[in-house]
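# Understanding the architecture of this molecule
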Amino acid sequence: MGDLLIVDDEPLLADSYARFLSKLGHAVRVARTGEEALAAWRERRPDVTLLDLRLPDMTGFDVYARMREHEPVVIMVSGHADVPLAVRAVQEGVENFLTK
(Lines give C-alpha, C1' and ligand atoms only; values in the text may rest on other atoms or scores of the structure.)
Protein backbone atom coordinates (compact mmCIF):
# COMPACT_ATOMS: atom_id res chain seq x y z
CA MET A 1 0.00 0.00 0.00
CA GLY A 2 0.98 3.65 0.09
CA ASP A 3 3.14 5.79 2.34
CA LEU A 4 1.05 8.74 3.54
CA LEU A 5 1.83 11.91 5.47
CA ILE A 6 -1.04 13.60 7.34
CA VAL A 7 -0.37 17.24 8.22
CA ASP A 8 -2.97 18.71 10.56
CA ASP A 9 -2.74 20.58 13.86
CA GLU A 10 -6.06 19.15 15.11
CA PRO A 11 -4.98 15.98 16.98
CA LEU A 12 -8.39 14.30 16.95
CA LEU A 13 -8.83 14.77 13.23
CA ALA A 14 -5.25 13.83 12.29
CA ASP A 15 -5.36 10.73 14.47
CA SER A 16 -8.72 9.73 13.00
CA TYR A 17 -7.36 10.03 9.46
CA ALA A 18 -4.28 8.04 10.50
CA ARG A 19 -6.27 5.22 12.13
CA PHE A 20 -8.62 4.91 9.17
CA LEU A 21 -5.86 4.89 6.57
CA SER A 22 -3.69 2.52 8.61
CA LYS A 23 -6.57 0.04 8.77
CA LEU A 24 -6.62 0.12 4.96
CA GLY A 25 -2.98 -0.99 4.99
CA HIS A 26 -1.19 2.30 4.41
CA ALA A 27 1.95 3.40 6.26
CA VAL A 28 0.91 6.67 7.90
CA ARG A 29 2.92 9.41 9.59
CA VAL A 30 1.43 12.49 11.25
CA ALA A 31 2.88 16.00 11.50
CA ARG A 32 1.22 18.81 13.46
CA THR A 33 3.11 21.83 12.07
CA GLY A 34 4.54 22.93 8.77
CA GLU A 35 8.10 22.48 10.00
CA GLU A 36 7.34 18.94 11.25
CA ALA A 37 5.78 18.18 7.87
CA LEU A 38 8.79 19.40 5.94
CA ALA A 39 11.18 17.44 8.17
CA ALA A 40 9.10 14.26 7.76
CA TRP A 41 8.85 14.86 4.03
CA ARG A 42 12.62 15.30 3.67
CA GLU A 43 13.25 12.17 5.74
CA ARG A 44 11.06 9.98 3.53
CA ARG A 45 8.95 11.37 0.74
CA PRO A 46 5.42 10.01 1.00
CA ASP A 47 3.33 8.83 -1.91
CA VAL A 48 0.59 11.27 -0.85
CA THR A 49 0.48 14.17 1.59
CA LEU A 50 -2.83 15.24 3.12
CA LEU A 51 -2.08 18.87 3.98
CA ASP A 52 -4.18 21.21 6.13
CA LEU A 53 -4.41 24.79 4.89
CA ARG A 54 -4.07 26.40 8.34
CA LEU A 55 -1.17 25.31 10.52
CA PRO A 56 0.21 27.02 13.62
CA ASP A 57 3.53 28.05 12.05
CA MET A 58 2.72 28.53 8.35
CA THR A 59 0.01 27.91 5.76
CA GLY A 60 -0.44 24.80 3.68
CA PHE A 61 0.49 26.95 0.68
CA ASP A 62 3.84 27.77 2.36
CA VAL A 63 4.51 24.09 2.99
CA TYR A 64 3.52 23.12 -0.55
CA ALA A 65 5.73 25.83 -2.05
CA ARG A 66 8.77 24.29 -0.32
CA MET A 67 7.89 20.81 -1.65
CA ARG A 68 6.67 21.76 -5.11
CA GLU A 69 9.95 21.39 -7.01
CA HIS A 70 9.90 17.65 -6.22
CA GLU A 71 6.42 17.24 -7.74
CA PRO A 72 4.68 15.88 -4.63
CA VAL A 73 1.17 14.47 -4.67
CA VAL A 74 -0.70 16.73 -2.25
CA ILE A 75 -4.34 16.88 -1.28
CA MET A 76 -5.06 20.10 0.59
CA VAL A 77 -7.84 20.20 3.19
CA SER A 78 -9.43 23.02 5.13
CA GLY A 79 -12.28 23.67 7.48
CA HIS A 80 -12.29 27.28 6.25
CA ALA A 81 -12.44 26.66 2.53
CA ASP A 82 -13.90 28.80 -0.17
CA VAL A 83 -13.88 28.64 -3.95
CA PRO A 84 -10.97 31.07 -4.48
CA LEU A 85 -8.75 29.03 -2.13
CA ALA A 86 -9.65 25.80 -3.90
CA VAL A 87 -8.96 27.35 -7.30
CA ARG A 88 -5.62 28.72 -6.10
CA ALA A 89 -4.60 25.33 -4.70
CA VAL A 90 -5.38 23.51 -7.93
CA GLN A 91 -3.69 26.22 -10.02
CA GLU A 92 -0.56 25.85 -7.89
CA GLY A 93 -0.50 22.13 -8.56
CA VAL A 94 -2.16 20.29 -5.69
CA GLU A 95 -4.09 17.19 -6.74
CA ASN A 96 -7.31 18.16 -5.00
CA PHE A 97 -8.78 20.49 -2.39
CA LEU A 98 -11.23 19.08 0.15
CA THR A 99 -13.37 20.69 2.81
CA LYS A 100 -13.22 19.08 6.26
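Definitions and limits used
- Residues numbered from 1 in each chain as written.
- Predicted model: local features only at pLDDT ≥ 70, side-chain atom pairs only at ≥ 80, totals over all residues.
- Heavy atoms only, no water.
- Helix = DSSP H or I, 4+ residues; strand = E, 2+ residues; numbered from the N terminus.
- Rg over C-alpha atoms; globule rule 2.2 N^0.38 Å.
- Buried < 20%, exposed > 50% of the residue type's maximum accessible area, 1.4 Å probe, protein only.
- Salt bridge = Lys/Arg side-chain N within 4 Å of Asp/Glu carboxyl O.
- Core = buried A, V, L, I, M, F, W, Y, C linked by side-chain atoms within 4.5 Å.
- Contact = heavy atoms within 4.5 Å.
- Phe/Tyr/Trp six-rings, centres within 6.5 Å; stacked < 30°, edge-to-face > 60°.
- Lys NZ or Arg CZ within 6 Å of the ring centre and 35° of its normal.
- Axes fitted to C-alpha atoms, helices over the stretch in contact; angles between N-to-C directions.
- Parallel < 35°, antiparallel > 145°, perpendicular 65-115°, else oblique.
- Left-handed = near helix turned anticlockwise from the far one by under 90°.

### Details of the overall build of the chain
- Across its full length, the chain holds four helices and five strands.
- Going from the N terminus to the C terminus, the chain shows its helices and strands as β-α-β-α-β-α-β-α-β.
- Here the C-alpha radius of gyration of the chain, 12 Å, is about what a compact globule of 100 residues would show, namely 13 Å.
- For the chain, the spread of C-alpha atoms along the three principal axes comes to 35 × 25 × 25 Å.
- A burial count over the chain gives 39% of its 100 residues as buried.

### Some thoughts on the pattern of salt bridges
- Evaluated as defined, the whole model comprises nine salt bridges.
- Between Arg32 and Asp15 there is a salt bridge, with its nearest N and O atoms 3.1 Å apart. With Arg32 in the loop between strand E2 (27-31) and helix H2 (34-43) and Asp15 in helix H1 (residues 11-23), this residue pair connects regions lying 17 residues apart in the sequence.
- For Arg32, a relative accessible area of 26% gives the class partly exposed.
- Owing to a relative accessible area of 29%, Asp15 belongs among the partly exposed residues under this scheme.
- One continuous salt-bridge network, built from bridges that share partners, spans Asp8, Glu10, Asp52 and Lys100.

### Here's the deal with the nonpolar core
- Val7, Leu51, Val63 and Met76 are the most contacted members of the largest nonpolar core, which has 20 residues in total.
- Every element with two or more residues in this core is listed here: strand E1 (3-7), H2, helix H3 (60-67) and strand E4 (74-78).
- Once residues lying within four places of it in the same chain are set aside, the contact partners of Val63 are Gly34, Ala37, Leu38, Leu51, Leu55 and Met58.
- Residues Leu4, Leu21, Leu50 and Val77 belong to the second largest nonpolar core, which totals six residues.

### Here's the deal with the packing of aromatic side chains
- Inspection of every chain in the model, using the stated rule, returns zero aromatic pairs.
- Above the ring of Phe61, the side-chain terminus of Arg88 is found at 3.7 Å from the ring centroid.

### Observations concerning unusual backbone geometry
- Despite not being glycine, Glu71 has its phi angle at roughly 50 degrees, a positive value.
- Here Glu71 lies in the loop between H3 and E4.

### Examining the packing of H2 against H3
- Contact geometry of H2 with H3 gives a least axis separation of 10 Å together with a crossing angle of 25 degrees. Our classification of the angle between H2 and H3 gives roughly parallel. Note that H2 runs across H3; the crossing there is right-handed. For the pair H2 and H3, the contacting residues are Gly34, Glu35, Ala37, Leu38 and Trp41 in the first and Val63, Arg66 and Met67 in the second.

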